[in-house]
Amino acid sequence: RSSLSFIKLPKCLVENECFIELSMDAKLLYAFFLDRVSLSIKNGWIDNQGRVFIYYSIKKFARI
């Protein structure tokens, strides 16, 4: 049995005119960042000013 996982891409990035010039690669990268933010919040990686830390290597993002 294979397990599927998904990332969320906000519709506004595809439908809103102000993002029309943004490449699909940039939109996909944003979706990956959004996914990492959710994981960081779940793990409590938030500083005392409410900023969320994302841990992901540049090499991993370069493979996207």
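Look above for the structure.
To start, this report covers the structure provided alongside it.

## Details of helix H2 (residues 24-43)
Phase 1 of the analysis: In this model H2 runs 29 Å from its N-terminal to its C-terminal C-alpha over 20 residues, within 8% of the 28 Å that 1.5 Å per residue would give.
Phase 2 of the analysis: Within the sequence span of H2, burial applies to Lys-27, Ala-31, Arg-36 and Ser-40.
Phase 3 of the analysis: Considering only its buried residues, H2 is in contact with helix H1 (12-15).
Phase 4 of the analysis: A positive phi of about 75 degrees marks Gly-44, the residue just after H2.

## Observations concerning the pattern of salt bridges
Phase 1 of the analysis: A full pass over the atoms with the stated rule returns one salt bridge.
Phase 2 of the analysis: Between Asp-47 and Arg-51 there is a salt bridge, with its nearest N and O atoms 2.7 Å apart.

## So, the side chain of Lys-27
Phase 1 of the analysis: Locating Lys-27 in the fold gives a position in helix H2.
Phase 2 of the analysis: Of the side chains with opposite charge, Glu-17 lies nearest to the buried Lys-27, which makes no salt bridge, at 10 Å.
Phase 3 of the analysis: One polar contact links the side chain of Lys-27 to the main-chain carbonyl oxygen of Phe-19, over a distance of 3.5 Å.
Phase 4 of the analysis: Sequence-distant contacts of Lys-27, that is, excluding residues within four places in its chain, are made with Leu-9, Leu-13, Val-14, Phe-19 and Leu-22.

## Remarks on the packing of aromatic side chains
Phase 1 of the analysis: In total, this model carries one aromatic pair according to the counting rule given.
Phase 2 of the analysis: Ring plane angle 90 degrees and centroid distance 4.9 Å describe the contact between Trp-45 and Tyr-55, whose orientation is recorded as edge-to-face. With Trp-45 in the loop between H2 and helix H3 (58-62) and Tyr-55 in the loop between H2 and H3, this residue pair connects regions lying 10 residues apart in the sequence.
Phase 3 of the analysis: Residue classification places Trp-45 among the partly exposed positions, given a relative accessible area of 33%.

What counts as what
Throughout, a residue's number is its position along its own chain's written sequence, starting from 1. pLDDT decides what is reported in this predicted model: residues at 70 or higher carry local features, side-chain atom pairs at 80 or more are listed and counted, and totals for whole chains, interfaces and linings draw on all residues regardless. The side-chain quantities take in all heavy atoms of the structure and omit both hydrogens and water. By definition, any uninterrupted DSSP run of H or I lasting at least four residues is a helix, any uninterrupted run of E lasting at least two residues is a strand, and each is numbered from the N terminus. How far a helix is expected to stretch is found by multiplying one less than its residue total by 1.5 Å. In this scheme, a residue with accessible area under 20% of its type's maximum is buried, one over 50% is exposed, and one in between is partly exposed, where area comes from a 1.4 Å probe on protein chains only. Only heavy atoms matter for contacts: two residues are in contact if any of them lie within 4.5 Å across the pair. The salt bridge criterion pairs a side-chain nitrogen of Lys or Arg with a carboxyl oxygen of Asp or Glu, the two atoms within 4 Å. Neither His nor the chain termini are counted; the positive set is Lys and Arg, and the negative set is Asp and Glu. Pairs of N or O atoms are called polar contacts if they sit within 3.5 Å, as long as, within protein, a hydrogen donor faces a hydrogen acceptor (for residues adjacent in sequence, only side-chain-to-side-chain pairs). Side-chain rings of Phe, Tyr and Trp, where Trp is taken by its six-membered ring, are said to pair if the distance between their centres is within 6.5 Å; with planes under 30 degrees apart they count as stacked, over 60 as edge-to-face, and otherwise as tilted.

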